[in-house]
Amino acid sequence: MSLYNVVVASNESTVVAEYQADYSRSDAYQSEAELERELIRLLQAQGYEYLLIHDEAALVANLRRQLEALNDYIFSDAEWHRFFAESIASSNEGIVEKTRKLQTDHVQNLKRDDGTTKNINLIDKKNIHNNRLQVINQYQEVGGSHETRYDVTILVNGLPLVHIELKRRGVAIREAFNQIKRYQRDSFWAASGLFEYVQIFIISNGTHTKYYSNTTRSSHVKESAAGERKKSKKTSNSFEFTSYWADSNNTAIADLVDFTRTFLAKHSLLNVLTKYCVFTSEALLLVMRPYQIAATERILSRIEISNNYKQTGTLAAGGYIWHTTGSGKTLTSFKTAQLATALPYIDKVLFVVDRKDLDYQTIKEYERFQKGAADSNTSTKILQQQLADSSSKIIITTIQKLDVFVSKNKGHAAFKKHFVIIFDECHRSQFGDMHKKIVTSFKHYHLFGFTGTPIFAANAGSGGNPTMRTTPQAFGDKLHTYTIVNAINDGNVLPFRIDYINTVKMKAGLADKEVAAIDTEAALADPARIRAVVTYLLTHFDQKTKRNHFYSLKGQRVAGFNSILAVSSIPVAKKYYIELKKQLADQGRSLNVATIFSFSANEADPEDVFPDEDFDTAGLDQSSRDFLEAAIADYNRDFNTNYDTSADKFQNYYKDLSLRMKNREVDLLIVVNMFLTGFDATTLNTLWVDKNLKQHGLIQAFSRTNRILNAVKTYGNIVCFRDLQEQTDAAIALFGDKDAGSIVLLKNFDSYYYGFDEDGQHHPGYTELIAELGQKFPLGQAIIGEQNEKDFIRLFGAILRLKNILTAFDNFPGREILTNRDYQDYQSLYLDLYQDLSGGNKADKERINDDIVFEIELIRQVEINIDYILMLVAQYHASNCEDKSILVAIDKAIGASIELRSKKVLIEHFIETVNASTKVDEEWRRFVDEQKESDLAALITAEKLKPDETRKFIDNAFRDGALKTSGTDIDKIMPPVSRFGGGNRAVKKQSVGDKLMKFFEKYFGLVSEQ
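As a starting point, this report considers the structure included with it.

The rules behind each value
- Residues numbered from 1 in each chain as written.
- Predicted model: local features only at pLDDT ≥ 70, side-chain atom pairs only at ≥ 80, totals over all residues.
- Heavy atoms only, no water.
- Helix = DSSP H or I, 4+ residues; strand = E, 2+ residues; numbered from the N terminus.
- Contact = heavy atoms within 4.5 Å.
- Phe/Tyr/Trp six-rings, centres within 6.5 Å; stacked < 30°, edge-to-face > 60°.
- Buried < 20%, exposed > 50% of the residue type's maximum accessible area, 1.4 Å probe, protein only.
- Lys NZ or Arg CZ within 6 Å of the ring centre and 35° of its normal.
- Core = buried A, V, L, I, M, F, W, Y, C linked by side-chain atoms within 4.5 Å.
- Pairing = 2+ DSSP bridges.
- Axes fitted to C-alpha atoms, helices over the stretch in contact; angles between N-to-C directions.
- Parallel < 35°, antiparallel > 145°, perpendicular 65-115°, else oblique.
- Left-handed = near helix turned anticlockwise from the far one by under 90°.
- Nonpolar A, V, L, I, M, F, W, Y, C, P; charged D, E, K, R; others polar.

**Section: the environment of Ile-164**
Consideration 1: Inspection of the secondary structure puts Ile-164 in strand S6 (residues 159–166).
Consideration 2: Note: C-alpha distance between Ile-164 and Ala-176 (12 residues apart in sequence) is 9.0 Å.
Consideration 3: The contact partners of Ile-164, leaving out residues within four places of it in the chain, are Leu-39, Asp-151, Val-152, Ile-154, Ile-202 and Leu-264.

Set out below in structure tokens:
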């Protein structure tokens, strides 16, 4: 019967169910060239055509042939030149425009010689095996800033869509990542810019292989530029955002041979390129991770099979996805909804969220993935219209609105339509009467739930309907699992570091961190205890949130992270808010403290960890509402806003507060239940807990802190003022596995400070590394030879990583061993080597750079800024310019700073002008402005640049935080050069670009933005 053909002829899965390597590896040394040859041999065995293409002319000629074959059309020479110049290699288009073209505008119009138009496909997304895959290697680009030779590139219909950069086994994989950074900067844009079409980068050292999208790479290049202030959309573009491929059991497929046989299998790669990429409204390309793809395909398979077997409207037609909090469930559900709406028999996809805060966040996420993709609704009436509108394919609503609609519209025509209903964060609140009403009203549905913390028998409540207490009872089979252990192992979320802080009076002699468990809320809410907790919080706030560490966020240089204080009740929240404000005022400190809470009918229900919390302020008692009104008034003063506790304005207060938390504008947010589920802010690193948490609620709350941001943020910080150790261990065991604790939680202070043994291997501690540093590389002695340089870089990098972790422990201050002066000297050495190895084209230096990784992001975080230098200059001035030790301190501080090295000569010249009558701050600003103008005028004269255009070009660079030496803008400032000497023009442009970049780096961060 043809009814069941789909089961027999099911498409091959993109993610293999289970992968086991079935070949033997050689024990012999493998060079990078041998690794490359083996990769190409494997690709040929899998049906790729190998081409000997090493220059652009051959690449373009092949592209023409491939597009002709794909479109069954032969271009005339005039048509091809026109199509190539206008639709493929336009000089006005960069990575973003070319990515948009492939992802959303892959059908281009060709204007034929006879005046008619024809659609030309760049890629066939409907029948993926119509696309032709070819592989080239050692492609040479001579038109960039430096001549470059790329390792391996995969062509799809002649366009380079996948680029693979290899390092030999034993070399750090991050060096391949850094190599592509150099290509992005130096040559991908060169000539016709075809390499800007690359959608996915793959990096491998044979042993480990990872992939990531082109915008991850290009955004990283922008954001890691010195002092970058460009208003980039996201900061999550570092090496930490590369992904391993895996099978559906989440077993990483890391070896290049295994990766090639799975990810680079033709059907898998083409599926990833055509189905499992999302080009967002923020012009970012998101390439889905294997567990996201596996879950999407499991859902689509369940829809197809249950439809064929006529199982709609039953549990067998649906299921649930258990993907841990922070792993990107919204992207998975969006792609699932998008692909489900493409099925001819599906009328609508209904995306159901639990609360209005999630509603707001989900809509924002959906809108980010695709403008207009989600029709949200503000009332049941609009929901009713959307359900009746055949053009409204994806609808977002809350379970509460859906419940009202179902109750008031018995027999509505929508109930007979074929629906896919997806519940985001399907928690216990959906297991009651509302859930029952919905599933009995709709007749032909597939019901799917996404959750990071499923309800099992072990954590189910005892109340309510006994047949509707667990996630499997409500949604059916578990279709895919990706636990917190998987996510931490893959580097997709961070582990937690937990402090248990003593908050009650202890007898003398007892350990400070021993926590005495207190049962009564009354004792815990005692004003003296709250005062002590606030004192501890403020004393350790800068340390826990790393306020002395700097990084770039949306183009701004910011210090450290922000935090949430979760408390047990509204009365306790009020006490904390008052006490925090009081102690801050007493100390003369300025922190932006905010609070938010609302009425919850079942707040005291011990069965539910986070009861439903709507935007209902009317239900609050008068005292609580008055207090909230006053707290919002404080917020209005801080941020020049106009919110209050009225229904509409309170919702807008929530949205504004959410945004300011994400932008790190609010330092500390006090909550009862709000913001502890569904809220996602990469800048949040600390949760202060004075609240009983357990099981899924505990994991949900802790997981607010473990989103990846950059190398500075290495874990989520949890500070417990209650003894939650037993509950924490139980929750991690339930949602990870019995051995999950060692992966999910960081080790204790002594392990990092003194070292530890694990799995038969010793991991040296901070003290051991510092001792090795002093013994092998004593200060004052030069580091001679390549191997010693490598060893020093590795050793000091390991010290930087450990110190980054140790700084959050209360007992680290005072135990740093190295003095600040010695630390600066070692950092200067480290930066000297970094600039030496990454700045030149010397072949021997490049070779050293192949297998070492510089922890520059960890250097930047403690960056010495110009304000610190000016403070030292002021001290020198105060000594009547006689204390020469201050000049030594200034010199060392500049040497230890990436930012200030380029400004060294400028600062030294300024110090020479300082005398007894100098007003340091005032004179510095004048000095910088005069020097900047003098240097720019000299540069314009020497290079014969166009004065007005050059000044505008430089002003724009300071405004944007980046100086772009590629593209057409720089051409506008260049002097006229004969077009017949094309090579000379390129050399001249390169020379001018280099000089402008030096000028920019010298003054960036010192001049006021235009």
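From this point, the discussion proceeds with the structure in view.
**Digging into the packing of aromatic side chains**
Consideration 1: The tally for this structure, following the rule as stated, stands at 48 aromatic pairs.
Consideration 2: When the ring of Phe-201 is compared with that of Tyr-212, the centres are 5.7 Å apart and the planes differ by 35 degrees; the resulting orientation is tilted. With Phe-201 in strand S7 (residues 200–204) and Tyr-212 in strand S8 (residues 209–213), this residue pair connects regions lying 11 residues apart in the sequence.
Consideration 3: We classify Tyr-212 as buried; its relative accessible area is 2%.
Consideration 4: The interplanar angle of 50 degrees and the centroid separation of 6.2 Å between the aromatic rings of Tyr-643 and Tyr-653 together place this pair among those described as tilted. Of the two residues, Tyr-643 sits in the loop between helix H21 (622–639) and helix H22 (647–662) while Tyr-653 sits in helix H22, which places them 10 residues apart along the sequence.
Consideration 5: Tyr-643 gets classed as buried once you look at its relative accessible area, which sits at 18%.
Consideration 6: Pairwise contacts between aromatic rings join Phe-749, Tyr-752, Tyr-753, Tyr-754, Phe-756, Tyr-766, Phe-809 and Phe-812 into one cluster.
Consideration 7: Above the face of the Phe-809 ring, Arg-497 is positioned so that its terminal group lies 3.8 Å from the ring centre.

**Regarding the nonpolar core**
Side chains of nonpolar character tend, in soluble globular proteins, to be buried together.
Consideration 1: Judged by nonpolar contacts, the single largest core of 105 residues is most densely connected at Phe-442, Ile-596, Leu-657, Phe-675 and Phe-702.
Consideration 2: Ranked by size, the runner-up nonpolar core spans 100 residues in total, among them Ile-40, Leu-155, Leu-194 and Tyr-212.

**Re the pairing of strand S4 (residues 133–141)**
Consideration 1: Most of S4 is tucked away, with seven of its nine residues classed as buried.
Consideration 2: Judged from the two bridges that link them, strand S1 (residues 49–50) and S4 form a sheet pairing that is parallel. The residue bridging Glu-49 from the neighbouring strand is Gln-134, located in S4.

**A closer look at the packing of helix H19 (residues 527–544) against helix H20 (residues 570–587)**
Consideration 1: Their axes nearest at 9 Å, the elements H19 and H20 cross at an angle of 55 degrees. Taken together, the axis directions place H19 and H20 in an arrangement best described as oblique. The element H19 and its partner H20 pack so that their crossing is right-handed. Contacts between H19 and H20 involve Arg-529, Ile-530, Arg-531, Val-533, Val-534, Thr-535, Leu-537 and Leu-538 from the first element and Val-572, Lys-575, Tyr-576, Glu-579, Leu-580, Gln-583, Leu-584 and Gln-587 from the second.
Consideration 2: Residue composition of the contact of H19 with H20, grouped by class: nine nonpolar, three polar and four charged.

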